[in-house]
Amino acid sequence: MKLVVVSAGLSVPSSTRLLADRLAAATGRYTSVDVQVVELRDLAVEIAHNFTSGFPGRALSAALDAVTEADGLIVVTPVFSASYSGLFKSFFDVLDQEALTGKPVLIAATGGSARHSLVLEHALRPLFAYLRAVVVPTAVYAASEDWGAEGLAERIDRAAGELGRLMEGLGSGAGAGAVRRADAADTADAAERVDASVAVDTDTAAAIAPRALDGALASADRFTVIPFEQQLAALRP
């Protein structure tokens, strides 16, 4: 399966890229993946040109295709002004709005302080929910003091495990097939209920107003509308 990692880090070396690499490596321990990394810093100029021209450059087009065709995504952004970076948001703004529908996504972020950790729930998760992606339950935030400290490795492993299992589950098609079978069963059951209600309504109408019907029932699969006055007349002795 194809795993695409989108890193919005700007510096070299970058803690954002380091976190992205560790998440990708951990996911590979749970499922077999072919990893491709998209560095947004290399695409900044083409992303800006896309907004003004409406057409992606060659490198940006390849990156957009990679994200669209991926079986799963890891997205990592640095925190700027208590939210994701403008470059990160701009990349997903130029991506086709349907590209992430149903796609497993692991969200992560880096920042200088643990106080910004809620950016994952207040900014990233709503963004990818809007894009109709399937966001894994565990998100990973790494502050400066988290590197080398206890807890980060466990969070990375838990999130990667969730992504790997989700990619395998959706890739097998078992979930989609079950949904289609359930939908078909519900449709058939609804059709049977409609047929039964039509039959009951037709029989009831025939019993109430036999003279008023007089050939009015053209077919058994249609409701018959009998004017109220005719129904009253049929009930009179």
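Everything discussed here concerns the structure shown above.
So, how was this worked out
Residues numbered from 1 in each chain as written. Predicted model: local features only at pLDDT ≥ 70, side-chain atom pairs only at ≥ 80, totals over all residues. Heavy atoms only, no water. Helix = DSSP H or I, 4+ residues; strand = E, 2+ residues; numbered from the N terminus. Buried < 20%, exposed > 50% of the residue type's maximum accessible area, 1.4 Å probe, protein only. Contact = heavy atoms within 4.5 Å. Core = buried A, V, L, I, M, F, W, Y, C linked by side-chain atoms within 4.5 Å. Pairing = 2+ DSSP bridges. Axes fitted to C-alpha atoms, helices over the stretch in contact; angles between N-to-C directions. Parallel < 35°, antiparallel > 145°, perpendicular 65-115°, else oblique. Left-handed = near helix turned anticlockwise from the far one by under 90°. Nonpolar A, V, L, I, M, F, W, Y, C, P; charged D, E, K, R; others polar.

Notes on the overall build of the protein
Move 1: Looking only at helices and strands, the protein has nine helices and seven strands in total.
Move 2: Across the 237 residues that make up the protein, the buried fraction comes to 39%.
Move 3: Summarising the internal contacts of the protein: among those between residues at least 6 apart in sequence, 75% fall at separations of at least 24.

A word on the nonpolar core
It is characteristic of soluble globular proteins that their nonpolar side chains tend to be buried jointly.
Move 1: By size, the foremost hydrophobic cluster in this structure holds 40 residues, and its most contacted members are Phe88, Phe91, Phe92 and Phe128.
Move 2: At the level of elements, β1 (2–7), α3 (58–69), β3 (72–80), α4 (86–94), β5 (104–111), α5 (119–130) and β7 (140–143) are the ones that each hand at least two residues to this core.
Move 3: Of all the elements, α5 adds the most residues to this core, at six residues.
Move 4: In contact with Phe88, not counting residues within four places along its chain, are Ala8, Leu40, Val75, Val76, Thr77, Leu124, Leu127 and Phe128.
Move 5: Within the second largest apolar cluster, 20 residues are counted, among which are Leu3, Val5, Leu23 and Leu163.

Points about the side chain of Thr16
Move 1: As for its placement among the helices and strands, Thr16 is situated in helix α1 (residues 15–28).
Move 2: Excluding its chain neighbours within four sequence positions, the residues that come into contact with Thr16 are Ser7, Ala8, Gly9, Val76, Thr77, Pro78 and Thr110.

Let's talk about unusual backbone geometry
Move 1: Geometrically, the link from Val12 to Pro13 is a cis peptide bond, its omega value of 0 degrees lying close to zero.
Move 2: Position of Pro13 relative to the elements: it lies in the loop between β1 and α1.
Move 3: A positive phi angle is found at Ser81, which is not glycine, with a value near 50 degrees.
Move 4: For Ser81, the position within the fold is in the loop between β3 and β4 (83–84).
Move 5: The backbone of Ala82 shows a phi angle near 65 degrees, a positive value even though the residue is not glycine.
Move 6: Here Ala82 lies in the loop between β3 and β4.

Points about the environment of Phe91
Move 1: Looking at the secondary structure, you find Phe91 in helix α4.
Move 2: Separated by 47 residues in sequence, Phe91 and Ala44 place their C-alpha atoms 8.5 Å apart.

A look at the pairing of β7
Move 1: On β7, burial covers both faces: Val140 and Ala142 on one face and Tyr141 and Ala143 on the other are all buried.
Move 2: Where β5 meets β7, four bridges bridge the pair, whose relative direction is parallel. Among the inter-strand pairings, Gly111 is bridged to a residue of β7, identified as Ala143.

So, the pairing of β3
Move 1: Of all the nine residues making up β3, eight are buried; the element is thus mostly covered by neighbouring parts of the structure.
Move 2: In the sheet, β1 pairs with β3 via five bridges, with the strands oriented parallel. Residue pairing for β3: Val4 is matched across the bridge by Leu73.
Move 3: In terms of strand pairing, β3 meets β5 through six bridges, oriented parallel. Its bridge partner lying in β5, Ile74 is registered against Leu106.
Move 4: Hairpin remark: β3 followed by β4, antiparallel, with two residues in the connecting loop; positive phi at Ser81, about 50 degrees.

So, the side chain of Thr31
Move 1: Along the chain, the position of Thr31 falls in the loop between α1 and β2 (34–39).
Move 2: With near-sequence residues (within four places) excluded, Thr31 lies in contact with Met1, Gly164 and Glu168.

Details of the packing of helix α2 (residues 44–53) against α4
Move 1: Running from amino to carboxyl end, α2 crosses α4 at an angle of 50 degrees, the nearest separation of the two axes being 10 Å. Considering their axes alone, α2 and α4 lie oblique with respect to each other. Two packed elements cross with a definite hand, and for α2 against α4 that hand is left-handed. Mapping the contact onto sequence places Ala44, Ile47, Asn50 and Phe51 in α2 and Leu87, Ser90, Phe91, Asp93 and Val94 in α4.
Move 2: Its residues assigned to classes, the contact of α2 with α4 comprises six nonpolar, two polar and one charged.

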